[in-house]
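Residue-level structural notes
Listed here are the chains, written in short residue letters.
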Amino acid sequence: MSLIQRYHVGKRLSEMAVHNGVAYLAGQVPEDLTQDIAGQTREVLGMIDRLLAEVGSDKSRLLSVQIYLADIKDITAMNEVWDAWIGQGPGIGNAPPRATVQAALANPAYKIEIVVKAAC
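The present account deals with the structure reproduced in this document. (Residues numbered from 1 in each chain as written. Predicted model: local features only at pLDDT ≥ 70, side-chain atom pairs only at ≥ 80, totals over all residues. Heavy atoms only, no water.)

Here Ala-70 shows up in the loop between β4 (62-69) and α2 (75-86). Here Ala-70 falls in the partly exposed class, since its relative accessible area comes to 34%. A sequence separation of 35 residues divides Ala-70 from Leu-105, and the C-alpha atoms of the two residues are 6.2 Å apart. Once you skip the residues sitting within four places of it in the chain, Ala-70 turns out to touch Gln-102, Ala-103, Leu-105, Tyr-110 and Lys-111. (Helix = DSSP H or I, 4+ residues; strand = E, 2+ residues; numbered from the N terminus. Buried < 20%, exposed > 50% of the residue type's maximum accessible area, 1.4 Å probe, protein only. Contact = heavy atoms within 4.5 Å.)

Structure below.
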């Protein structure tokens, strides 16, 4: 039986689980809810960078990404931040499969939530 490692385990969820060399991140949401979509996106991508680094991975190893936007009209501004992030450093040429949808998020102040899977 393969080991499952869980990181930042809380009452309701873990921020990340690793199994068979794949990191599964919980939906990452911003902490600073005063920011616009660009600021919230940058913050969430930074959170993803930090979690992946904990298990020796990075954005160049993304297997799939799901992006949830509270308002699909924010997609252009979000994509500008995403494009700058995925096109820098080790992510160059490694854009993952991605889905972006509009969704009712758990907190009305959240403008974005991102879920990723990445190879370790």
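So, on to unusual backbone geometry. Of note, the phi angle at His-8 is positive, near 55°, even though the residue is not glycine. Looking at where His-8 falls in the secondary structure, it is placed in strand β1 (residues 4-9). Judged by its relative accessible area of 46%, His-8 falls in the partly exposed class. One non-glycine residue, Asn-20, adopts positive backbone phi at about 50°. Tracing the sequence through the fold places Asn-20 in the loop between β2 (14-19) and β3 (22-25).

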